[in-house]
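Structural features, examined
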Amino acid sequence: MHKLSVVIITKNEEKYIADAVASAAFADEVVVLDSGSEDVTYKIAKEMGANVYVEEWRGFGAQKNRAVELASHDWVFVLDADERITPELKQELLAVLVSPSAKGYYVPRVNYFWGRAIKSCGLYPDYTIRLFDRREGSFNEVAVHESVQLDGKAGYLKSAMIHLAYESVAQFIEKQNRYSTLHAKGGNHLKAVLNPFWTFFKLYVLKRGFTDGWDGFVISRLYAQYTFWKYIK
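Structural notes, computed from the coordinates.

Calculation rules
- Residues numbered from 1 in each chain as written.
- Predicted model: local features only at pLDDT ≥ 70, side-chain atom pairs only at ≥ 80, totals over all residues.
- Heavy atoms only, no water.
- Pairing = 2+ DSSP bridges.
- Helix = DSSP H or I, 4+ residues; strand = E, 2+ residues; numbered from the N terminus.
- Right-handed = clockwise from strand over helix to strand, strands pointing away.
- Buried < 20%, exposed > 50% of the residue type's maximum accessible area, 1.4 Å probe, protein only.
- Contact = heavy atoms within 4.5 Å.
- Salt bridge = Lys/Arg side-chain N within 4 Å of Asp/Glu carboxyl O.

Overview of the pairing of strand β3 (residues 51–54)
Here is the key point about a regular strand: its side chains alternate between the two faces of the sheet. Sheet analysis places strand β2 (residues 29–34) next to β3, joined by four bridges and oriented parallel. Paired with Val31 across the two strands is Asn51, which belongs to β3. The handedness of the β2 to β3 crossover, carried by helix α2 (residues 41–47), is right-handed.

Now the structure itself:
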């Protein structure tokens, strides 16, 4: 069976880090790369047995690549502080690592918005490569929405991890305003007018956001606003 390192990047995650590390406690090691937290993130992670390092911020993709480099084992699972490995996913990971049939694996996520699991609006299964052989892949170093680029075949896991995406509408707006700056498209006025309408229609109608009632409407509307911000910045 291949040994597993779970890696987490952090900054001021004292509210989330304990549960993240606890959910990964089955792994052969947990590596936390902090970028200068001003709270007790470092202390909590250290007390829970994680190998904790502090280095300056490089950007999302580069920071995750550095965390992967710090791991002791070639098979890594990259976890965000606001994500949790479920017991079902733990068992599937352990089974896969006995004899991996791919170089990496897509993992589904269940995204929680203000305490509720949302499975419409294109938010589920929300596949992303998180388990991979670091000799066969790495994160691209884009400004935001980084992803693993794998040199080889990727498989799919069935069990989902939990993502505590947003606790409130205010938190969503603050984060997406920041991300839209990082992902700005350079003042395309035509797309600023048209694309938000398409985003709302796609999420609320085509991706069945209406099945989640008011929450589906709010999420679709907020993502449309994010699209508008991207094209006016």
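Quick look at the environment of Ile85
Structurally, Ile85 can be placed in the loop between β5 (83–84) and α4 (87–96). On the basis of relative accessible area, Ile85 is assigned to the buried category, the value being 6%. Setting aside its immediate chain neighbours within four residues, Ile85 contacts Val6, Ser23, Ala24, Phe26, Phe77, Leu79, Lys90 and Leu93.

With respect to the pattern of salt bridges
In the structure shown here, the tally under the stated rule is 17 salt bridges. The shortest N-O distance in the salt bridge between Glu55 and Arg66 comes to 3.0 Å. Remark: Arg66 occurs in helix α3 (residues 60–70) and Glu55 occurs in the loop between β3 and α3; sequence separation between them is eleven residues. Taking relative accessible area as the criterion, Arg66 reaches 24% and is therefore assigned partly exposed. Ionic contacts of the salt-bridge type, sharing partners, join the residues Lys64, Asp80, Glu83, Arg109, Asp126, Arg130 and Glu146 into one network.

Details of unusual backbone geometry
The omega torsion across Tyr124 and Pro125 is 10°, close enough to zero to call that bond cis. With respect to the helices, strands and loops of the structure, Pro125 is situated in the loop between β8 (116–118) and β9 (128–133). With phi around 55°, Asn12 is a residue other than glycine that occupies positive phi space. In this structure, Asn12 sits in the loop between β1 (4–10) and α1 (17–23). Asn12 gets classed as partly exposed once you look at its relative accessible area, which sits at 36%. For Arg208, which is not glycine, the phi dihedral falls at a positive 60°. In this fold, Arg208 is placed in the loop between α6 (189–206) and α7 (213–232). The class for Arg208 is partly exposed, based on a relative accessible area of 48%.

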